[in-house]
Amino acid sequence: MPAVIGLTCDGDLDGRRIYLNAAYVNAILQAGGIPLLLPSGSKKMAEEYLRIIDGLLLTGGGDVDPRLYGEEPKGGLGRILKERDEFELYITQRALVLGKPILAICRGMQVLNVAAGGTLYQDIARELGSSLHNPGGPRNAVHHRVEIRSGTLLGQWLEGQVGVNSMHHQAVRSLGQGLRVSATSEDGVIEAIEGTGEVFVVGVQWHPEELAHLYPEQHELFKRFVVAADIST
Ligand code: MN
C-alpha cells in the first residue's frame with residue numbers, strides 16, 4: 001500500500017467548518033501518497049492517527065499562540081486557534097519521538113519549530129522591518145529567492161538560489177532542538193529548517209503545494225517526503 005500521509009486541517013474560529021486547500025491534497029496524490037485529513041482532536045486521537053499514518057504534513061494557517069513559546073501576544077499577531085495549536089504541537093512532538101517523516105509548510109514549519117522548543121517572530125514587519133514576505137497576489141507567484149545551504153537535506157536536489165512564493169508574516173526566531181537552518185532569504189529570514197537526524201523532517205516557509213505542478217524541484221519535495229514515509233513503515 002502507498003504511504004498514508006496525514007494532513008492537519010484549518011478551521012473557523014467558531015468551529016463550524018474544518019477545511020484545507022486542495023493543493024496540499026493534490027501534491028500528495030501527485031507524489032503517490034494517500035492523503036488522509038486529520039481534524040484537530042484530543043491527545044488520545046492524535047495517538048490513533050499516528051498508528052495509521054506513515055508521514056505527517058503540517059499545513060499552513062493562522063498564527064501559533066505566542067504563550068506556547070513563552071511570550072505574551074504583541075501587536076501584529078494574527079488569528080489563533082487554540083485547539084489546532086494544542087493538537088498540532090502534540091502530534092508533532094510525538095511524530096518526532098516515533099521517527100515519522102514530517103513535511104511542515106508555512107505555519108507548519110513554525111509549529112515544527114515551536115514543538116522542538118524554538119520561538120517565532122510574531123510579526124516580521126514590526127519586529128524585523130521586513131516587507132518582503134507577504135505581497136498578496138496569486139498563491140503560485142514566485143516572489144523572492146531563497147539561498148539553499150549546501151550539505152543539507154534540501155540541498156540534495158535544490159541548489160543555490162531558488163525562487164519561491166511567500167505568504168507569511170511570521171518566521172522562526174530561535175531554532176528548536178535537533179533542527180538546523182537549510183535556507184534563508186536575502187533579508188535574513190529563515191525560510192527552511194530540517195531535522196539533524198536520519199529521519200526526513202523538513203520545514204519550508206514558502207508554499208510548495210502551490211508550485212509543485214509548475215516546478216519539478218518543488219514536486220520533488222513531496223516525492224522525497226512520500227518515499228521517506230513509505231520506507232519508514
Ligand atoms: Mn518568504
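For the structure given in this document, a descriptive report is provided here. (Residues numbered from 1 in each chain as written. Predicted model: local features only at pLDDT ≥ 70, side-chain atom pairs only at ≥ 80, totals over all residues. Heavy atoms only, no water.)

### A word on the overall build of the chain
Point 1. Each helix and strand in the chain was counted, giving 6 helices and 13 strands.
Point 2. Against the 2.2 N^0.38 benchmark of 17 Å for 233 residues, the chain shows a C-alpha radius of gyration of 16 Å, consistent with a compact globule.
Point 3. Across the 233 residues in the chain, those meeting the buried criterion constitute 54%.
Point 4. Taking the intrachain contacts of the chain between residues at least 6 apart in sequence as the baseline, contacts between residues at least 24 apart amount to 69%. (Helix = DSSP H or I, 4+ residues; strand = E, 2+ residues; numbered from the N terminus. Rg over C-alpha atoms; globule rule 2.2 N^0.38 Å. Buried < 20%, exposed > 50% of the residue type's maximum accessible area, 1.4 Å probe, protein only. Contact = heavy atoms within 4.5 Å.)

### As for the coordination of the manganese ion
Point 1. Donor atoms from the polypeptide that bind the manganese ion are H133 (ND1), H144 (NE2), S166 (OG), H168 (NE2) and E191 (OE), placed at 2.2 to 2.4 Å.
Point 2. Counting residues between consecutive donors of the manganese ion along the chain gives the motif H-x10-H-x21-S-x1-H-x22-E. One end of the pair, H133, is in the loop between helix 5 (124-128) and strand 8 (144-148); the other, H168, is in the loop between strand 9 (161-164) and strand 10 (171-172), and 35 residues separate them in sequence.
Point 3. The class of H133 is buried, set by a relative accessible area of 1%. (Donors = N, O, S within 2.8 Å, 3.2 Å for Na, K, Ca; no water.)

### Some remarks on the packing of aromatic side chains
Point 1. Summed over the entire model, instances satisfying the criterion amount to 2 aromatic pairs.
Point 2. With a centroid separation of 5.8 Å and 90° between ring planes, the pair formed by Y49 and F87 is classed as edge-to-face. With a gap of 38 residues between them, Y49 in helix 2 (residues 43-52) and F87 in helix 3 (residues 82-98) connect regions that are remote in the sequence. We note that Y49, like F87, is buried. (Phe/Tyr/Trp six-rings, centres within 6.5 Å; stacked < 30°, edge-to-face > 60°.)

### Re the layout of surface pockets
Point 1. Estimated volume of the largest pocket: approximately 340 Å³.
Point 2. Forming the boundary of the largest pocket are 22 residues, of which D10, G60, G61, G62 and R79 lie nearest the centre.
Point 3. Of the volumes computed, that of the second largest pocket is approximately 260 Å³.
Point 4. For the second largest pocket, the lining is made up of 15 residues, of which G11, D12, G15, S40 and E83 are closest to its centre.
Point 5. No other element matches the 3 residues that helix 3 contributes to the lining of the second largest pocket.
Point 6. Here the residues of the lining of the second largest pocket sort into 6 nonpolar, 3 polar and 6 charged. (1 Å grid on protein atoms, 1.4 Å probe; cavity = no way out; pocket = protein on both sides within 12 Å on 5 of 7 lines; lining within 4 Å. Points joined across faces, edges and corners; volume = space filled by probe spheres on them. Nonpolar A, V, L, I, M, F, W, Y, C, P; charged D, E, K, R; others polar.)

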